[in-house]
Every structure is written in C-alpha cells, then in structure tokens.
Amino acid sequence: VICSDKTGTLTQNRMETEAVYINGREMETDQLKEYAGSGKKDAKLFLMAAALNNNTSPSAGDKEGDPVELALFHMVQAAGAVPEQLRLCCPRKGEIPFDSARKRMTTIHEVQGEEIMFVKGAPDVLLERCTRIINPAGADLVPSRQLSASDRAAILNQNQEWSLRGLRILAFACRSGAKWQEDPETDLVFLGLAAMMDPPRPESRPAVAAARQAGIRTVMITGDHRTTAMAVAGRIGIFLPGDLALTGARLDQMTEEELEKKLPQISVYARVSPEHKIRIVKAWQNRGHIVAMTGDGVNDAPALKKADIGIAMGMGGTEVSKDAASMILADDNFATIIKAAANGRNVYRNIKNAIQFLLSGNMAGILCVLYTSLLGLPLPFAPVHLLFINLITDSLPAIAIGMEPAEDGLLKKPP
C-alpha cells in the first residue's frame, strides 16, 4: 500500500483556470479568448478585474508568487489580453489586501479618467455585496442591470456544480465612481466566476494504473477539502466507484474496529493531520500489508518512521523528514515511486535467475565429482580445471543475467 500526499506528488502544485462563468454563460478558457475577441464589455471588465486585482509580478515564474494569482495572470494572457499593458493604462490608486476573515481583496484603479473598484473573493461573500450584474449591451463604462433572484440562483448553482467537481472558485465584481469610505465594498456589479484546479501530473494516472497491476494499492492522504480530494483522486484513478472518502474529523470518531472494517474501501483521506497518518499506517500494517508513506514536513517524520518504507520529498521536503525516511524522491513525483518498485522487482528477479544459473551449472560439476568419488574412479577434474570452468562459465554469464533490463509486464508478476 502506498499512502501518498496529493499536492506536488500526485499534482503539479500549481493552479490552472479551467473555466469561467460570465453573464450566465459557462466557458472553457479557450472559448474565453474567442468571446473576449468579439469586443464584449463583460469579458473586457472580467479580464481587467483578473489582471488588475492581482499582485503577481509579470516576471514571476510558476514557482513564485501566489498560485491562484498566477493562474489568473495566465488566464488573462491566454484570453489575448496583455496584463502589463492593462496595469499601465489603469494605474492602481489603493488596495485593501486579502484577509481570511473578509475573504476578499479590493483594489481601486483609474480607468479612462474614472475610478473603478475591482473586488475578488469567495462567491458567497461577494454575491451578498452585489446589487447589480454586468450588462454588455449598455454604453456606460460599467454597464449593468439589476441583479435578479434568478441571476443569484444561477450563480449559486454554478458555484455548487463546480464545487462538486473539486474546483476552487473565485468571484469578481466592480463598482464605478468608487471613493474610499467606511465600507466601500457595497452596491457592487457582479462580473463573473473563475474556476481553478491544481492539475494532476500527466504521469500520475498511468503510474496509479501500473501500481494497481503490480498489486500495489494507492491511497491519497491530503489536507485539502474532501470534495476537491475526491475529484482529483477520481481523475487520477485512485477513487473508483464504490470507494469511500474519509475526513480527519470522521476518522477521529471511528473506533479501531470500525476503521479496520472499512479500510479496504477507503481510498481518500481529506483534512487529515500528521497524527491521522500514523493511525492509517498502523491500520494497514495490522492487516499484514507493507506500507509506504510519503511526507515532506517536520510533523510527518513519525509517520515516515512508522511506515515500512518512508518516502520524503527531495525538492520540497524538510531535513527532518529526509532523515526519517528510507527513500527520497529527487523530483517529488509519485510516478518515480512506481519506477522504484519496478527496479526493485527487476533486481529481485535477476538475483533469482543468477542463483538458478549458478546452482544448475555448479551442480553438474558437483555430481560428476561425487559420482567418481563414490565409485573410486579417477577425479574427472583437477582443481585448476574447476577454477577455469567457474571463471569462464559462471562469472561473465552470471554478470550478464544480473544486468538484465526489465521487460514489459514485469509489474504484473508478483515479487
């Protein structure tokens, strides 16, 4: 059993915008470019909000900056807009930074001589502060109409649908003529939604399938939300129909007997702590399984030590986790674990083949010497003959057998 972390091991540890929702229409990111290219004001303002209400530096790489803001920055670029140009044309006049309590971020910019406030944040929080919705047919700088009950219902339904798919959702709104006041984030115009996900590594799904063929069970353990974890695990092939997903809170409520009974059906553990990892490892070991556990933090060290094979992350892992582990992934990639399993099985098979070859070859010489000794016949070989035979027939062929590369289907055979 491999108990693997999600972020960075099974996924790429970066966010990508998968879809947007503008003016009642859901679009993939490639459709957004075509829609924005038609000159629609709703798309223009949506892209402006994503580019301007964003602290990502244009020179930031994929490993720098906030992953969500990087995803928005790349979305704007993919839609045909130039974020740097938008920032030059619409200089920032002020900012209310993101706060976990407020769940939103606000910036004010000068757009065509008028101040416009752009707000991004959690959809449910932002929607409460919106009274109007963007109307692309209007002639104003921010054309809008009254936000109806049906509009709110449609937005919330879209939010719910994306949430069930495990996507992370951000809402965008704006307000023209905004001035700094006691509570400026009111009477907002709703612009749209953006759905993002940390995409799985391309090699993760084949690696999980190869592990299953090899008789290795893969279990995902993550601190993310249960719905998100299930969606990612489903894409990779870990979470299959009939499997269960458990949260850390539910795990705390279960007795050891309950956990052991349901353990074979549980493929995903979400919102777990390092203490939960130790309990999961013990549960699988109690069933007689060999358990590998991945981890990168200081708190993961006890679980790595408890597992039969502790696997630390070479790129993002702490020194404590590396010291506690028996194996370190230089690329933090789950697929490398399966390659290691294949290499191990190949080495084991080659050792068996080399032993069989040496035993069969030497047994013939032993039987010859034994036969002549028992019958009192002259010895068939002098010691130098046996040494010469061993040198020629044993050494080089045995080395060749020991270096035999793995063939296709090796993982399908039990070790």
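Whatever comes next refers back to the structure up there.
Residues numbered from 1 in each chain as written. Predicted model: local features only at pLDDT ≥ 70, side-chain atom pairs only at ≥ 80, totals over all residues. Heavy atoms only, no water.

Chemist: Help me understand the packing of aromatic side chains in this model?
Modeler: Aromatic rings considered in pairs are described by the distance between their centres and by the relative angle of their planes. If you walk through the whole model with that rule in mind, you get one aromatic pair. Relative to F172, the ring of F46 lies with its centre 5.2 Å away and its plane at 75°, an arrangement referred to as edge-to-face. With a gap of 126 residues between them, F46 in helix α2 (residues 41–52) and F172 in strand β9 (residues 168–176) connect regions that are remote in the sequence. When sorted by exposure, F46 lands in the same class as F172, which is buried. (Phe/Tyr/Trp six-rings, centres within 6.5 Å; stacked < 30°, edge-to-face > 60°. Helix = DSSP H or I, 4+ residues; strand = E, 2+ residues; numbered from the N terminus. Buried < 20%, exposed > 50% of the residue type's maximum accessible area, 1.4 Å probe, protein only.)

Chemist: Would you mind showing me how to read the environment of A171 here?
Modeler: Locating A171 in the fold gives a position in strand β9. Taking the C-alpha atoms as reference points, A171 and T186, separated by 15 residues in sequence, lie 15 Å from one another. Not counting residues within four places of it along the chain, the set of residues in contact with A171 comprises V119, K120, G121, A122, P123, L126, F190, G192 and L193. (Contact = heavy atoms within 4.5 Å.)

Chemist: Explanation requested: the pairing of strand β14 (residues 292–295) in the structure shown.
Modeler: Residues in a regular strand project their side chains so that they alternate between the two faces of the sheet. Side chains A292 and T294 project from β14 onto one buried face, and the interleaved M293 and G295 project onto a second face that is buried too. Note that β14 and strand β15 (residues 309–313) share four bridges and pair parallel. Within β15, the position partnered with A292 by the bridge is I309. In this fold, the crossover linking β14 to β15 by way of helix α12 (residues 301–306) has right-handed handedness. (Pairing = 2+ DSSP bridges. Right-handed = clockwise from strand over helix to strand, strands pointing away.)

Chemist: Quick question: what am I supposed to make of the packing of helix α1 (residues 29–37) against α2 here?
Modeler: Geometry of a packed helix pair, given as the angle between the helix axes and the separation of the axes. Between α1 and α2, whose axes approach to 8 Å, the crossing angle comes to 120°. When the axis of α1 is compared with that of α2, the two are oblique. The handedness of the crossing between α1 and α2 comes out as left-handed. Each of L32, Y35 and A36 in α1 lies in contact with α2, whose residues at this interface are D42, A43 and L47. Broken down by class, the residue content of the contact of α1 with α2 amounts to five nonpolar, no polar and one charged. (Axes fitted to C-alpha atoms, helices over the stretch in contact; angles between N-to-C directions. Parallel < 35°, antiparallel > 145°, perpendicular 65-115°, else oblique. Left-handed = near helix turned anticlockwise from the far one by under 90°. Nonpolar A, V, L, I, M, F, W, Y, C, P; charged D, E, K, R; others polar.)

Chemist: Just to check I follow, could you spell out a nonpolar patch on the surface for this structure?
Modeler: A surface patch of nonpolar side chains, about 840 Å² in accessible area, is lined by M363, I366, L367, L370, Y371, L374, L375 and L377. If you trace the backbone, I366 turns up in helix α14 (residues 334–374). (Patch = residues over 30% accessible without salt bridge, like charges linked within 9 Å, V, L, I, M, F, W, Y side chains within 5 Å. Areas by Shrake-Rupley, 256 points an atom, 1.4 Å probe, with all protein chains shown as cover. Salt bridge = Lys/Arg side-chain N within 4 Å of Asp/Glu carboxyl O.)

Chemist: What is the right way to read α2 from this model?
Modeler: For an α-helix, the turn length of 3.6 residues means that residues three or four places apart are oriented alike. Compared with the 16 Å implied by 1.5 Å per residue over 12 residues, the 16 Å span of α2 between its first and last C-alpha is a close match. Considered for burial, the residues of α2 that qualify are D42, A43, L45, F46, L47, M48, A49, A50, A51 and L52. (Expected span 1.5 Å × (residues − 1).)

Chemist: Explain the pattern of salt bridges to me, please; I cannot follow it from the model alone.
Modeler: Side-chain pairs of opposite charge can arise where the charged atoms are in close proximity. Here the structure, examined in full by the defined rule, presents 15 salt bridges. The salt bridge involving E203 is made with R201; its shortest N-O contact spans 3.9 Å. On the accessibility criterion, E203 (28% relative accessible area) is partly exposed. For R201, a relative accessible area of 18% gives the class buried. K322 is the partner of E319 in a salt bridge, and the nearest nitrogen-oxygen pair spans 3.7 Å.

Chemist: When you look at the environment of G237 in this model, what are you seeing that I'm missing?
Modeler: Tracing the chain through its elements places G237 in the loop between α8 (226–236) and β12 (244–247). Take G237: its relative accessible area is 7%, and that puts it in the buried class. Along the backbone, G237 and K413 are 176 residues apart, and their C-alpha atoms lie at a distance of 21 Å. Residues contacting G237, with those up to four places away along its chain left out, are R205, V208 and R212.

Chemist: Please explain the nonpolar core as it appears in this structure.
Modeler: Considering soluble globular proteins, one finds that nonpolar side chains tend to be buried as a cluster. Core analysis: the largest hydrophobic core is formed by 50 residues, its most contacted members being I155, W162, F190, L193, M220, F334 and I338. When near neighbours in sequence (up to four residues on either side) are disregarded, I155 contacts Y21, L127, I133, L147, F190 and L193. Ranked by size, the runner-up nonpolar core spans 36 residues in total, among them Y35, L72, V142 and A194. (Core = buried A, V, L, I, M, F, W, Y, C linked by side-chain atoms within 4.5 Å.)

Chemist: In this structure, what is going on with the state of the cysteines? I would like to understand it.
Modeler: By definition, a disulfide links the sulfur atoms of two cysteines through a covalent bond. By the definition in use, this model includes zero disulfides. Counting only cysteine sulfurs, C130 is the nearest neighbor of C174, a cysteine outside any disulfide, at a range of 8.8 Å. A residue is classified by how much of its surface remains accessible, and C174, at 0% relative accessible area, is buried. (Disulfide = S-S within 2.5 Å.)

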